[in-house]
Amino acid sequence: MNPRLAKLQPYPFEKLRALIAGNAPPAGLRAINLQIGEPKHPTPALVKDALAGALDGLASYPLTAGTPELRRAIAAWLARRYGIPPLDPETQLLPVNGTREALFAFAQTVIEPKPDARVVCPNPFYQIYEGAALLAGATPIYGEPESWAGVQLLYACSPANPSGHVMDLAEWRRLFELAERHGFVIASDECYSEIYFERPPLGALEAAQRLGRGYERLVAFSSLSKRSNAPGLRSGFVAGDAALIKQFLRYRTYHGSAMSLAVQAASIAAWQDERHVEENRRLYAQKFDRVLPMMRPPLAAERPDGGFYIWLRTPNDDTEFARRLHAQYNVLVLPGSFLARTVRGVNPGANHVRIALVPPLDECVEAMERIARFAAGL
Ligand SMILES: Cc1ncc(COP(=O)(O)O)c(C=O)c1O
């Protein structure tokens, strides 16, 4: 067996299952699940129709690089969305089967196996970054390292899961300076970029353009899962540094991660339409508008810059909060400490729970009523 597999942590949802294993929630209250960030708004008909209309594509092996039509649709979307000059669809981007596999595979492509190889992740963070680093033979570093020696890759996540924080231009400038000084690659995970309430979040490629920098050592990952309510389509892309994209294509050819032609057709339809994305944002904004004012001390949360999570501060231990909320009120939320690692004695996810506002509005409202009642009794 690959000994690195033993280093992988249980996934946060496995930890949650173990945490609530002994619970017997009241049968009279319907279960409300807010622990997983799985979009629940309907997948747009234009995406389903394009998929159904392209089923003949199942008869062919697709190319790993994707069709020119898909690559052009992605380049055009990036130019429209971020106001950047169109990327070269031939060399600067690739389709991926959702960002999860791509974020993982990217580390396998860029990490040079050296004893001091290190990968920097945010903290709290999306656990795939950690697993990608470990299986590439690198040591994950959580949050800003004390020294940048040995750092080969850094994952950024903006809007962040779970906090919803969007990185501004000053943060990007600092990160680009660090990457230049220490020679590491930046993988910018932007899968929540289209779920926002005021300003469209700044993207990594956009920040690079605004700062007059090229895309050297920089790639951005984007996805249709949240933007277009199509997590089952498994469709996204990676874009940026042509030298990195070239090697990533090489890796992916061997890994065997080409996108089905039917999925490519559906993806083209999705990237070319913004109306369904606007409607999606409206539905999330409506939920935040209704639910946030229901929060009373000792609970506190702000509207995130982007994404669909409430990152709720809890008055007590977050695992105890989540366990008892489920036991007493049949509402599932994710303890923040499961999404972070303890560094120098501090787990930055502790005393927070992540609440995914993915169910329909009435369920989100009912869940928040129960959470408020539960918290009042703490
Ligand atoms: C931060 C982050 N990145 C990436 C993903 C993966 O999304 P997908 O593989 O569906 O594109 C998720 C999914 O929840 C996520 O939260």
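So, how was this worked out
- Residues numbered from 1 in each chain as written.
- Predicted model: local features only at pLDDT ≥ 70, side-chain atom pairs only at ≥ 80, totals over all residues.
- Heavy atoms only, no water.
- Core = buried A, V, L, I, M, F, W, Y, C linked by side-chain atoms within 4.5 Å.
- Buried < 20%, exposed > 50% of the residue type's maximum accessible area, 1.4 Å probe, protein only.
- Helix = DSSP H or I, 4+ residues; strand = E, 2+ residues; numbered from the N terminus.
- Contact = heavy atoms within 4.5 Å.
- Near = heavy atom within 4 Å.
- Polar contact = N/O pair within 3.5 Å; in protein donor to acceptor, adjacent residues only side chain to side chain.
- Areas by Shrake-Rupley, 256 points an atom, 1.4 Å probe, with all protein chains shown as cover.
- Nonpolar A, V, L, I, M, F, W, Y, C, P; charged D, E, K, R; others polar.
- Pairing = 2+ DSSP bridges.
- Right-handed = clockwise from strand over helix to strand, strands pointing away.
- Axes fitted to C-alpha atoms, helices over the stretch in contact; angles between N-to-C directions.
- Phe/Tyr/Trp six-rings, centres within 6.5 Å; stacked < 30°, edge-to-face > 60°.
- Lys NZ or Arg CZ within 6 Å of the ring centre and 35° of its normal.
- 1 Å grid on protein atoms, 1.4 Å probe; cavity = no way out; pocket = protein on both sides within 12 Å on 5 of 7 lines; lining within 4 Å.
- Points joined across faces, edges and corners; volume = space filled by probe spheres on them.

**Student:** Would you mind going over the nonpolar core with me for this structure?
**Tutor:** Soluble, globular proteins show a tendency: their nonpolar side chains are buried together. The biggest cluster of nonpolar side chains holds 46 residues, and the ones touching the most others in it are Leu-78, Trp-172, Phe-184, Ile-186 and Leu-205. The set of elements that each furnish at least two residues to this core consists of helix H2 (45-52), helix H3 (68-82), strand E5 (151-157), helix H6 (169-182), helix H7 (204-210), strand E7 (218-223), strand E8 (236-240) and helix H10 (261-271). Among the elements that line this core, the one with the most residues is H3, at seven residues. Residue contacts for Leu-205: discarding those within four places in its chain leaves Leu-78, Ile-84, Leu-87, Tyr-215, Leu-218, Ala-220, Ala-239 and Gly-240. If you look at the next biggest cluster of nonpolar residues, it comprises 35 residues, including Val-291, Tyr-309, Ile-310 and Val-353.

**Student:** Would you explain the site of the ligand in this entry?
**Tutor:** Near the ligand you find 15 residues, and of these Thr-99, Asp-189, Ser-223, Ser-225 and Arg-234 are the closest. Contacts to the ligand include Ser-223, whose side-chain N or O atom sits 2.7 Å from an oxygen atom. For the ligand, the protein covers 92% of the area, taking 400 Å² as the surface of the free molecule. For the shell around the ligand, the secondary-structure elements that each account for two or more residues are helix H4 (99-110) and helix H8 (224-227). When residues of the shell around the ligand are assigned to their parent elements, the largest contribution, three residues, is made by H4. Each residue belonging to the shell around the ligand can be placed in one class, and the counts come to six nonpolar, five polar and four charged.

**Student:** Any chance you could explain the pairing of strand E3 (residues 118-121) here in plain terms?
**Tutor:** Note on strand geometry: in a regular strand, side chains alternate between the two faces of the sheet. On E3, burial covers both faces: Arg-118 and Val-120 on one face and Val-119 and Cys-121 on the other are all buried. Direction of pairing for E3 relative to strand E4 (residues 139-142): parallel, over a ladder of four bridges. In the strand pairing of E4, Val-120 is matched with Ile-141. Handedness of the crossover joining E3 and E4 through helix H5 (residues 128-135) is recorded here as right-handed. Bridge analysis of E3 against E5 gives three bridges, and the strand direction is parallel. Bridge pairing links Val-120 to Leu-154 in E5.

**Student:** Would you explain the sheet that holds E5 in this entry?
**Tutor:** Adjacent strands of a sheet form backbone hydrogen bonds with each other and so pair up, either parallel or antiparallel. In spatial order, the strands read E2-E8-E7-E6-E5-E3-E4; together these seven strands make up an open sheet with mixed pairing. Each having just a single partner strand, strand E2 (93-96) and E4 make up the two edges of the open sheet. Ignoring which end each strand starts from, the neighbouring axes of this sheet average 20° apart. Of the strands in this sheet, E5, strand E6 (185-189) and E7 touch H6, which is tilted by about 150° from E6.

**Student:** Would you mind showing me how to read the packing of aromatic side chains here?
**Tutor:** For any pair of aromatic rings, geometry is given as the distance between the ring centres together with the angle between the planes. Under the counting rule described, the total for this entry stands at 19 aromatic pairs. Ring geometry for Trp-77 against Trp-271: centres 4.8 Å apart, planes inclined by 50°, an arrangement best described as tilted. Here the residue Trp-77 occupies a position in helix H3, and Trp-271 occupies one in helix H10, the gap between them amounting to 194 residues. There is no split in this pair, since Trp-77 and Trp-271 are both buried. One aromatic cluster is present, built from ring pairs that chain together Trp-77, Tyr-82, Phe-237 and Trp-271. Arg-213 extends its terminal NZ or CZ atom over the ring of Phe-176, reaching a point 4.5 Å from the ring centre.

**Student:** Explain empty space enclosed by the protein here, please?
**Tutor:** Any space left empty among the atoms is revealed by the rolling of a water-sized probe across them. Under the criterion given, the structure shown has one cavity of 30 Å³ or more. Quantified by volume, the largest cavity comes out at close to 50 Å³. Going through the elements one at a time, H3, H7 and E7 are the ones with two or more residues in the lining of the largest cavity. For the lining of the largest cavity, the element with the highest residue contribution is H3, accounting for three residues. Of the residues in the lining of the largest cavity, the class split is seven nonpolar, two polar and one charged.

**Student:** Whenever I open this one, the environment of Met-259 confuses me. Can you help?
**Tutor:** Take Met-259: it is sitting in the loop between helix H9 (242-255) and H10. For Met-259, a relative accessible area of 2% corresponds to the buried category. Spatially, the C-alpha atoms of Met-259 and Phe-125 are 27 Å apart, while their sequence positions differ by 134 residues. When sequence neighbours within four positions are dropped, the list of residues in contact with Met-259 reads Pro-62, Leu-70, Pro-95, Val-96, Asn-97, Arg-234, Ser-235, Gly-236, Gln-264 and Ser-267.

**Student:** How should the side chain of Gln-264 be read in this particular structure?
**Tutor:** Here Gln-264 shows up in helix H10. Accessibility expressed as a relative area gives 1% for Gln-264, which makes it buried. Separated by 2.7 Å, the side chain of Gln-264 and the backbone nitrogen of Thr-67 make a polar contact. For Gln-264, the contacting residues outside a window of four places in its chain are Pro-62, Leu-63, Gly-66, Thr-67, Leu-70 and Met-259.

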